[in-house]
Amino acid sequence: MPEYKKIVLELDRNITSEEISIINEINKHFIKNNIYLEYDENKIIANLRILDLEKFKNKINELTDKYHLSHQNPFINLLQKIEDIGSYGIKSGKRLYVDYDKERKVKNRKQKIEDRGKYFYARDNNFLKINNEFPLEFTNKVVCADSEEFLKKLPDNCVDLIFTSPPYNFGLEYEKYKDGTQWEAYFDKLFRIFKECIRVLKYGGRIVVNIQPLYSDYIPIHHIISNFFMENKMIWKGEILWDKHNYNAKYTAWGSWKSPSNPYLKYTWEFLEVFSKGDLKHEGDIKKADITPDEFKKWVYAKWDIAPERNMKEFQHPAMFPEELAKRVIKLFSFENDVVLDPFNGVGTTTKVAKELNRRYLGVDISEEYTKKAKDRLKEVAQQKTLKII
Ligand SMILES: C[S@@+](CC[C@H](N)C(=O)[O-])C[C@H]1O[C@@H](n2cnc3c(N)ncnc32)[C@H](O)[C@@H]1O
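Residues numbered from 1 in each chain as written. Predicted model: local features only at pLDDT ≥ 70, side-chain atom pairs only at ≥ 80, totals over all residues.

> Please clarify how the overall build of the protein chain should be interpreted in this entry.
Along the backbone of the protein chain there are 13 helices and 14 strands. Considered along the principal axes of its C-alpha atoms, the protein chain spans approximately 75 × 60 × 45 Å. Counting the 390 residues in the protein chain, one finds 28% classified as buried. At a minimum sequence separation of 6, the contacts of the protein chain that also span at least 24 residues come to 72%. (Helix = DSSP H or I, 4+ residues; strand = E, 2+ residues; numbered from the N terminus. Buried ≥ 20, exposed ≤ 12 C-beta atoms within 10 Å, placed from the backbone. Contact = placed C-beta atoms within 7 Å.)

> Would you take a moment to explain the site of the ligand for this structure?
Taken together, 23 residues form the shell around the ligand, and within it S147, M320, F344, G346 and T349 come nearest. Contributions of two or more residues to the shell around the ligand are made by α6 (147-150) and β14 (360-365). Across the shell around the ligand, the residue classes break down as 13 nonpolar, six polar and four charged. (Near = placed C-beta within 6 Å. Nonpolar A, V, L, I, M, F, W, Y, C, P; charged D, E, K, R; others polar.)

> Would you explain the domain arrangement of the protein chain in this entry?
It is common to report an interface's size as the accessible area lost on association of the parts. As far as domains go, the protein chain holds domain 1 (5-101) and domain 2 (136-389). Centre-to-centre, using C-alpha coordinates, domain 1 lies 41 Å away from domain 2. (Domains from an automatic or database assignment.)

> Honestly, the nonpolar core in this entry has me stumped. Any pointers?
Soluble, globular proteins show a tendency: their nonpolar side chains are buried together. Residues I162, V208 and I330 are the most contacted members of the largest nonpolar core, which totals 50 residues. Discounting residues that sit within four places of it in the chain, I330 has contacts with L161, F163, V340, V353, A354, L357 and R359. (Core = buried A, V, L, I, M, F, W, Y, C linked by C-beta atoms within 7 Å.)

> Hey, could you run me through the sheet that holds strand β4 (residues 50-51) in this one?
What holds strands together in a sheet is hydrogen bonding between their backbones, with the strands either parallel or antiparallel. The three strands are arranged β4-β6-β5 in an open sheet whose pairing can be described as antiparallel. Every other strand in the sheet has two partners, leaving β4 and β5 (89-91) as the edge strands with one partner each. In this sheet, strand β6 (residues 94-96) lies alongside β4 in antiparallel orientation, the contact comprising two bridges. Residue pairing across strands places L51 opposite R95, the latter belonging to β6. (Pairing = 2+ DSSP bridges.)

> Whenever I open this one, the sheet that holds strand β13 (residues 339-342) confuses me. Can you help?
What the eight strands build is an open sheet, ordered β7-β14-β13-β8-β9-β11-β10-β12; its pairing is mixed. Both edges of this open sheet fall to β7 (141-144) and β12 (303-305), since each of them pairs with a single strand only. Each neighbouring strand pair of the sheet contributes to a mean axis angle of 15°, computed without reference to strand direction. As judged from the four bridges shared by β7 and β14, these two strands associate in the parallel manner. (Axes fitted to C-alpha atoms, helices over the stretch in contact; angles between N-to-C directions.)

> Just to check I follow, could you spell out the pairing of strand β3 (residues 43-48) for this structure?
Along any regular strand the residues' side chains alternate between the sheet's two faces. Here β3 shows a buried face lined by I44, A46 and L48 and an unburied face lined by K43, I45 and N47. Relative to β3, strand β2 (residues 35-40) is paired through six bridges, and the arrangement is antiparallel. Paired with L37 across the strands is A46, a residue of β3. Here β2 folds back onto β3 in antiparallel fashion, the turn holding two residues.

> Any chance you could explain unusual backbone geometry here in plain terms?
For residues besides glycine, phi is generally negative; the peptide bonds are generally trans as well. For Q316, which is not glycine, the phi torsion reads 50° and is therefore positive. Here Q316 is to be found in the loop between α10 (312-315) and α11 (323-333). Even without being glycine, N337 reaches a positive phi, approximately 75°. According to the C-beta neighbour criterion, N337 is exposed, with 12 such atoms within 10 Å.

> I keep staring at the packing of α11 against helix α12 (residues 349-356) and nothing clicks. Help me out?
For any two helices packed against each other, the geometry comes down to the angle between their axes and how far apart the axes lie. Running from amino to carboxyl end, α11 crosses α12 at an angle of 55°, the nearest separation of the two axes being 9 Å. By the criterion of interaxial angle, the relationship of α11 to α12 is oblique. Considering only the axes of α11 and α12, their crossing is right-handed. In this structure, α11 contributes E323, A326, K327 and I330 to the contact, and α12 contributes T349, T350, K352, V353 and A354. Of the residues in the contact of α11 with α12, the class split is four nonpolar, two polar and three charged. (Parallel < 35°, antiparallel > 145°, perpendicular 65-115°, else oblique. Left-handed = near helix turned anticlockwise from the far one by under 90°.)

> Can you help me understand helix α3 (residues 74-84) in this one?
Considered for burial, the residues of α3 that qualify are P74, F75 and I82. Buried residues of α3, seen end-on, are gathered within an arc of 95° and therefore sit on one face of the element. Opposite the buried face of α3, at more than 90 degrees from it, the exposed residues are Q80 and D84. On its buried face, α3 is in contact with β1 (5-10), α1 (17-29), β3 and α2 (53-66). (Arc of directions from axis to C-beta.)

Here it is as structure tokens:
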């Protein structure tokens, strides 16, 4: 007898004859070796090995129409339960629920993880597990301030997601901030702000930092920043490679032309380093998840092909990221109504997209001019939203 994963759905009443007919039809339609259903007086049991979830959903919909099941349709709950449990993989579009170890190169993987532990560097953290409400006075605001000072006004554990891109210290022409100082001073300041970011993040909250190394000076800023977060007990959740495909990027030198003595490596991408505080799981109401199945499938592959922001001249800001980048981060890592913070908000790409996606937000930037532009962008979103309602 092959091994199945069992999902049991308990009903608060007896199963009906229509429901039994549906179960029989499903069993006729699908191969028993992949999935079959059983029932008891007040239970439906799904036995799963391999499942084409879309096909299964369509069949359920077809049969519930045929047998006129409307309210108290237990198959909807069964579907939800199946969707909630993790399949361990997908093969030819079908979800796999068993034979986990047979497919793996590393046998007894779960046992090995238990023995040596996950994210050892973050284990002995002192993060409080109790989260706090985000203060109303700072909700849906963009402010002009130094984040190091301003973030001190927020309580611990009150922000769901931080998405930000700090200055890279390349020597860009910002309106107020002087970019291109000594590296020690740059990292000291940045880390004082990131310490505040960690403090205000909720337990289970995430910080996503968009960063580009300074290749020409051999400074791996993304590694130095990642190291800082791990030293501060944050869990490295992953890394997204944002490929801008800007092949005509400024530096066209090859180093030592056609010689291994010192070739330059070239890059068309930046990084997004993702960290979680305390727990990889972020609590939230599943009804407030607005990412579509197609978006989810596409975006969990951590190489995103997105063109760089084209309107930097219009905004007179030298280092904006595109709205599409913010949209993906916000939808993938937060629920609607979550609080999104950007402590280097620039002309407010994060706060604009957060508002469009019905998140609460706070943006902080040291430049008055940029903050004004960020506010203007929010007004535009408000107008568009009103137009939609009309
Ligand atoms: C890379 S830009 C962010 C751009 C932003 N993602 C956008 O799309 O508009 C970094 C920003 O950090 C701001 N900044 C620098 N130091 C700061 C500080 N101590 N507190 C707040 N903002 C700061 C700069 O004014 C600049 O706008």
